[in-house]
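Structural overview for review
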Amino acid sequence: HRLGGAANIGDFVREIREVCLSLSKTYKVVLAPHVYEDIKLSEEVIEGVPNAYIWDFHKYAFDRCEESIGYYQDAHFVIAMRGHGQIIPFAFNTPVIALQNHPKHLGLMQNLGLEDYSIRCDSENLSTKILGLIENLEDNYTSYVSSLKSSNNRLWKETNNAFNRIRKILDILC
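Summarised in this report is the structure supplied together with it. Since this is a predicted model, take the numbers as computed values, not measurements.

Regarding the state of the cysteines
Summed over all chains, the structure comprises 0 disulfides. Just so you know, C20 is unpaired, no disulfide at all, and the nearest cysteine sulfur is the one on C121, 13 Å from it. Among the residues examined, C20 registers a relative accessible area of 6% and is labelled buried.

Examining a nonpolar patch on the surface
A cluster of nonpolar side chains, namely F163, I166, I169, L170 and L173, defines an oily patch on the protein surface of about 520 Å² accessible area. With respect to the element layout, F163 can be found in helix 8 (residues 141-173).

Description of the packing of aromatic side chains
One pass over the structure, following the stated rule, counts 4 aromatic pairs. Judged by centre distance (4.1 Å) and plane angle (20°), the rings of W55 and Y71 are stacked. One end of the pair, W55, is in the loop between strand 2 (52-54) and helix 3 (57-60); the other, Y71, is in helix 4 (residues 65-73), with 16 residues separating them in the sequence. Judged by its relative accessible area of 27%, Y71 falls in the partly exposed class. The interplanar angle of 75° and the centroid separation of 6.1 Å between the aromatic rings of W55 and Y72 together place this pair among those described as edge-to-face. Here Y72 lies in helix 4 and W55 lies in the loop between strand 2 and helix 3, a separation of 17 residues in the sequence. Pair check on accessibility: W55 and Y72 agree, each one buried. Ring pairing ties together the aromatic residues W55, Y71 and Y72, which thus form one cluster.

Quick word on the packing of helix 5 (residues 83-91) against helix 6 (residues 103-111)
The angle between the axes and the distance between the axes are what describe a pair of packed helices. The contact between helix 5 and helix 6 brings their axes to 9 Å, and the two run at 25°. Between helix 5 and helix 6, the angle falls in the class roughly parallel. Across from G83, Q86, I87 and F90 in helix 5, the residues of helix 6 making contact are K104, H105, L108 and M109. Residue composition of the contact of helix 5 with helix 6, grouped by class: 4 nonpolar, 3 polar and 1 charged.

About the cut-offs
Residues numbered from 1 in each chain as written. Predicted model: local features only at pLDDT ≥ 70, side-chain atom pairs only at ≥ 80, totals over all residues. Heavy atoms only, no water. Disulfide = S-S within 2.5 Å. Buried < 20%, exposed > 50% of the residue type's maximum accessible area, 1.4 Å probe, protein only. Patch = residues over 30% accessible without salt bridge, like charges linked within 9 Å, V, L, I, M, F, W, Y side chains within 5 Å. Areas by Shrake-Rupley, 256 points an atom, 1.4 Å probe, with all protein chains shown as cover. Salt bridge = Lys/Arg side-chain N within 4 Å of Asp/Glu carboxyl O. Helix = DSSP H or I, 4+ residues; strand = E, 2+ residues; numbered from the N terminus. Phe/Tyr/Trp six-rings, centres within 6.5 Å; stacked < 30°, edge-to-face > 60°. Axes fitted to C-alpha atoms, helices over the stretch in contact; angles between N-to-C directions. Parallel < 35°, antiparallel > 145°, perpendicular 65-115°, else oblique. Contact = heavy atoms within 4.5 Å. Nonpolar A, V, L, I, M, F, W, Y, C, P; charged D, E, K, R; others polar.

Read these as geometric descriptors, not functional statements.
Given below as structure tokens:
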């Protein structure tokens, strides 16, 4: 398991529940487990948390993509502990706080210059630190979104240039 042994998982659940309890006073909290092992974890996290629910991703992911995208596109921000939980919101200029349990999480945040919005899942005082990151995100929301827009424009240009190079090569070969 990416979070380590049972003791680490228990600590993680308690810490994330504290974050959800705090957030539920202001926000609707939606947990979106994308893999089976995260479903039970999510159920434990939201136990006793008002204004929180689990989005049943597997019922939406492939048959109802438009609705799935809306969860990321319409979110004020996302706290993600999976790579696709970072990538999809970024595509819609939705800010992300990354919970690192794999090197790729920090790598993406560094690539976008957003490593200050990333924290290891095994950090001491995790809930306090995440709530601090949320406060920082809220204080700098416009700047964060502007940074994402700039990164997405840069990535779009790089992707378009790469496709044009591929097209030229294919034109020569065909």
